[in-house]
Amino acid sequence: MSTYGSFPGSRPRRLRTTPVMRRMVAETRLHPADLVLPAFVREGIGEPIAIGSMPGVFQHTRDTLKKAAVEAVEAGVSGIMLFGVPEESKKDALGSAGTDPDGILQVALRDVRAEVGDDLIVMSDLCLDEFTDHGHCGVLDEQGRVDNDATLERYAEMAQVQADAGAHVVGPSGMMDGQIGVIRDALDQTEHEDVSILAYTVKYSSAFFGPFREAVGSSLKGDRKTYQQDPANSRESLRELALDLEEGADMVMVKPAGPYLDILAKVAEVADVPVAAYQISGEYAMIEAAAERGWIDRDKAIMESLTGIKRAGAQMILTYWATEVARQL
């Protein structure tokens, strides 16, 4: 037994004694307003289709997407990020369905805005990969490489049609050089000055994207290493951040979230705009799969993973558990 004045003189455990004590001194708190729900809407289906590698996540019909948006509002979620899945026959080399005013993503944007108005921030994925027959995020040149500047022209058009359809926020995710500046100009020139840009500033070429490819019916052959970042690199993330801010990004994102918390912390430390992180499909799938086998406590693992992302500096978290977690909070 210790005596007065003996070691240890400092006892941090005093602040961990009860659940209420731990709650009172918690340094990081999740809130429903921190959360954004990514959602997939598929053209030409009559019932939602379960995504096998993402248990509990679906390719929505237009009607079930509207229902999901309403549920997100009721739970206190701040936003919904929409991804369109066109019919296979509508894919082509230019991703034309992505800029068709009647394409599935634009139709879904109008649906959701009509359903929830301004009660939910409606965001749109601004990228061509879901709509191209080659599955890349841009236009290909004669050698089969992604042509950066030709792709920017497509992004400018895409931004305009998404804004016309009602997007509050566009999310350029293709990692093309100069994309934020071109999209900002395109929006401003078409009287969409109020539409915000959530820049996918730091997007790594990650193995954790695997389940997402199923979710959007990707046609990709090969990889995206010539435009997405190398997981070995850190400093270039801050260069990408500086460029996106200079070009007019209103918010910036790090993606994936969990494997790149060090990058997220660096970005959050220096960014003077809101910082988002995307807990991507592979992060979701790992927790769901391990929980299904009884290896981890699902609910605790979900909360711990999200708390870690928030603690690293994310003000907004895109997560497929957004509505579920918001209800628990």
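1. Some words on a positive patch on the surface
Taken together, the side chains of Arg 11, Arg 13, Arg 14 and Arg 16 define a basic patch exposed on the protein surface. Along the chain, the position of Arg 16 falls in the segment before α1 (19-24).

2. Overview of a nonpolar patch on the surface
Among the surface-exposed residues, Leu 15, Met 24 and Val 25 lie close enough to one another that they form a single nonpolar patch of about 280 Å² accessible area. You can see Leu 15 is positioned in the segment before α1. Judged by relative accessible area, which is 47%, Leu 15 ranks as partly exposed.

3. Quick look at the state of the cysteines
Per the stated rule, a full pass over the model turns up zero disulfides. No disulfide involves Cys 127; its sulfur sits 3.5 Å from that of Cys 137, the nearest cysteine.

4. Comments concerning the packing of aromatic side chains
Under the definition given, this model contains six aromatic pairs. On the numbers, 5.5 Å between centres and 35° between planes, the contact of Phe 40 with Phe 83 is tilted. Residue Phe 40 is found in strand β1 (residues 35-42), and its partner Phe 83 is found in strand β4 (residues 79-85); the two are separated by 43 residues along the sequence. Geometrically, the ring pair formed by Tyr 278 and Tyr 320 is tilted, given 6.1 Å between the ring centres and 50° between the ring planes. Placement of the pair is Tyr 278 in strand β9 (residues 275-278) and Tyr 320 in the loop between β10 (316-318) and α11 (322-328), with a sequence separation of 42 residues. Pair check on accessibility: Tyr 278 and Tyr 320 agree, each one buried. Grouped by ring-pair contacts, the aromatic residues Phe 40, Phe 83, Tyr 278, Tyr 284, Tyr 320 and Trp 321 constitute a single cluster.

5. Section: helix α10 (residues 298-312)
Look at α10: 21 Å from first C-alpha to last across 15 residues, which is about the 21 Å you get at 1.5 Å a residue. Residues of α10 that are buried: Ala 301, Ile 302, Met 303, Leu 306, Gly 308, Ile 309 and Ala 312. The inward-facing, buried residues of α10 abut α8 (261-270), β9, α9 (281-292), β10 and α11. Two or three places before Asp 299, at the start of α10, stands the capping residue Asp 297, its side-chain oxygen 3.3 Å from that residue's backbone nitrogen. Among the residues trailing α10, Gly 313 stands out with phi positive, at a value near 130°.

6. A word on the packing of α9 against α10
Close contact between α9 and α10 brings their axes to 9 Å; oriented N to C, the two are set at 160°. Accordingly, the angle class assigned to the pair α9 and α10 is roughly antiparallel. Where α9 crosses over α10, the two elements pack in a sense that is right-handed. Contact with α9, carried on its side by Ile 287, Glu 288 and Ala 291, involves Arg 298, Ala 301, Ile 302 and Ser 305 of α10 and no other residues of that element. Split by residue class, the contact of α9 with α10 holds four nonpolar, one polar and two charged.

7. Overview of the pattern of salt bridges
Under the defined criterion, the tally for this structure stands at 14 salt bridges. In this structure, Asp 102 and Arg 110 form a salt bridge, with 3.6 Å as the shortest nitrogen-oxygen distance. Since its relative accessible area comes to 57%, Asp 102 is described here as exposed. Here Arg 110 falls in the partly exposed class, since its relative accessible area comes to 34%. Across the salt bridge formed by Arg 298 and Glu 288, the nearest N and O atoms sit 3.0 Å from each other. Within this pair, whereas Arg 298 is found in helix α10, its partner Glu 288 is found in helix α9, the two being separated by ten residues in sequence. The class of Glu 288 is buried, set by a relative accessible area of 9%. Sharing partners across several salt bridges, the network here consists of Glu 288, Arg 298, Asp 299 and Glu 324.

8. Some remarks on the pairing of strand β7 (residues 196-203)
Counting buried positions along β7 yields seven of eight residues, so the element is predominantly enclosed. Here two bridges tie strand β6 (residues 169-172) to β7, and the two strands are oriented parallel to one another. Each residue of the ladder has a partner; that of Val 170, found in β7, is Ile 197. Once the chain exits β6 it traverses helix α5 (residues 179-189) before rejoining the sheet at β7, and the crossover so formed is right-handed.

9. Focus: the nonpolar core
In terms of nonpolar packing, the biggest core is built from 94 residues, with Ile 80, Leu 82, Tyr 155 and Val 267 touching the most fellow members. Here Ile 80 is in contact with Val 36, Leu 37, Ala 39, Leu 65, Ala 69, Val 112, Leu 120, Ile 121, Val 122 and Met 123, once residues within four sequence places are set aside.

10. A short note on the pairing of β1
Across the eight residues that make up β1, a large majority, seven, are buried. In this structure, β1 lies alongside β10, joined through two bridges in parallel fashion. Within β10, the residue paired with Leu 35 across the bridge is Ile 317. Where β1 meets β4, seven bridges bridge the pair, whose relative direction is parallel. When the sheet's bridge partners are listed, Arg 42 is paired in β4 with Val 85. Sheet topology note: the β1/strand β3 (residues 58-60) ladder contains two bridges and is parallel. Within β3, the position partnered with Val 41 by the bridge is His 60.

What counts, and at which threshold
- Residues numbered from 1 in each chain as written.
- Predicted model: local features only at pLDDT ≥ 70, side-chain atom pairs only at ≥ 80, totals over all residues.
- Heavy atoms only, no water.
- Patch = residues over 30% accessible without salt bridge, like charges linked within 9 Å, V, L, I, M, F, W, Y side chains within 5 Å.
- Areas by Shrake-Rupley, 256 points an atom, 1.4 Å probe, with all protein chains shown as cover.
- Salt bridge = Lys/Arg side-chain N within 4 Å of Asp/Glu carboxyl O.
- Lys, Arg positive; Asp, Glu negative; His and termini not counted.
- Charge placed at Lys NZ, Arg CZ, Asp CG, Glu CD.
- Helix = DSSP H or I, 4+ residues; strand = E, 2+ residues; numbered from the N terminus.
- Buried < 20%, exposed > 50% of the residue type's maximum accessible area, 1.4 Å probe, protein only.
- Disulfide = S-S within 2.5 Å.
- Phe/Tyr/Trp six-rings, centres within 6.5 Å; stacked < 30°, edge-to-face > 60°.
- Expected span 1.5 Å × (residues − 1).
- Contact = heavy atoms within 4.5 Å.
- Polar contact = N/O pair within 3.5 Å; in protein donor to acceptor, adjacent residues only side chain to side chain.
- Axes fitted to C-alpha atoms, helices over the stretch in contact; angles between N-to-C directions.
- Parallel < 35°, antiparallel > 145°, perpendicular 65-115°, else oblique.
- Left-handed = near helix turned anticlockwise from the far one by under 90°.
- Nonpolar A, V, L, I, M, F, W, Y, C, P; charged D, E, K, R; others polar.
- Pairing = 2+ DSSP bridges.
- Right-handed = clockwise from strand over helix to strand, strands pointing away.
- Core = buried A, V, L, I, M, F, W, Y, C linked by side-chain atoms within 4.5 Å.

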